[in-house]
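This is what each chain is made of:
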Amino acid sequence: MIMKMRLDTIYKVKEFVGLADRYDGKVEVSSGRCTVNGKSILGILSLDLSGDLFVKMEEKEDSYCFVKELQIWGLCMEGMQR
């Protein structure tokens, strides 16, 4: 699954990493040509956070719950894409 997001504050990055850490699958965050581990706060902070980010995640049993939590926190800009 791929989602478009904006993590333009440290608070949003912290919340995203906290949610991603509880998710069982692999989470990658991309900005331009750079891709980092979505469970690494330092990795995400090394990206250009002024624009849109793309989050790629493995489809697992708890994928839907992870996406719902992102939507509740207002972190997810668009719905899921396969």
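Bear in mind that the values here come from a model prediction, so they are computed numbers and not experimental data.

**With respect to the nonpolar core**
Step number 1: Of all hydrophobic cores here, the largest spans 24 residues; its most connected members are Phe16, Ile44, Phe66 and Leu70.
Step number 2: Sorting the residues of this core by element identifies strand 1 (2-5), helix 1 (10-22), strand 2 (27-31), strand 4 (53-57) and helix 3 (63-72) as the ones contributing at least two each.
Step number 3: Examining the composition of this core, we find that five residues originate from one element, helix 1, more than from any other.
Step number 4: When residues no more than four places from it in sequence are discounted, the contact partners of Phe16 are Met5, Leu7, Val27, Val29, Gly38, Ile44, Val55, Phe66, Leu70 and Leu75.

**A few points about the pattern of salt bridges**
Step number 1: For the structure shown, the criterion picks out six salt bridges.
Step number 2: For Glu69, the salt bridge identified is with Arg22, shortest N-O distance 2.8 Å. Taken together, the residues Glu69 in helix 3 and Arg22 in helix 1 connect sequence positions 47 residues apart.
Step number 3: A residue is classified by how much of its surface remains accessible, and Glu69, at 29% relative accessible area, is partly exposed.
Step number 4: Since its relative accessible area comes to 55%, Arg22 is described here as exposed.
Step number 5: Two residues, Glu28 and Lys26, come together in a salt bridge whose shortest N-O distance is 3.3 Å.
Step number 6: Taking the relative accessible area as the measure of exposure, Glu28 reaches 23% and is therefore partly exposed.
Step number 7: A network of salt bridges, in which partner residues are shared, links Lys4, Arg6 and Asp52.

**Focus: a nonpolar patch on the surface**
Step number 1: Taken together, the side chains of Ile10, Ile41, Leu42 and Leu45 make up a nonpolar region of the molecular surface, amounting to roughly 400 Å² of accessible area.
Step number 2: With three residues, helix 2 (residues 41-45) is the single largest residue contributor to the nonpolar patch.
Step number 3: By secondary structure assignment, the location of Leu42 is in helix 2.
Step number 4: You can call Leu42 exposed: its relative accessible area is 67%.

Quick notes on the rules
- Residues numbered from 1 in each chain as written.
- Predicted model: local features only at pLDDT ≥ 70, side-chain atom pairs only at ≥ 80, totals over all residues.
- Heavy atoms only, no water.
- Core = buried A, V, L, I, M, F, W, Y, C linked by side-chain atoms within 4.5 Å.
- Buried < 20%, exposed > 50% of the residue type's maximum accessible area, 1.4 Å probe, protein only.
- Helix = DSSP H or I, 4+ residues; strand = E, 2+ residues; numbered from the N terminus.
- Contact = heavy atoms within 4.5 Å.
- Salt bridge = Lys/Arg side-chain N within 4 Å of Asp/Glu carboxyl O.
- Patch = residues over 30% accessible without salt bridge, like charges linked within 9 Å, V, L, I, M, F, W, Y side chains within 5 Å.
- Areas by Shrake-Rupley, 256 points an atom, 1.4 Å probe, with all protein chains shown as cover.

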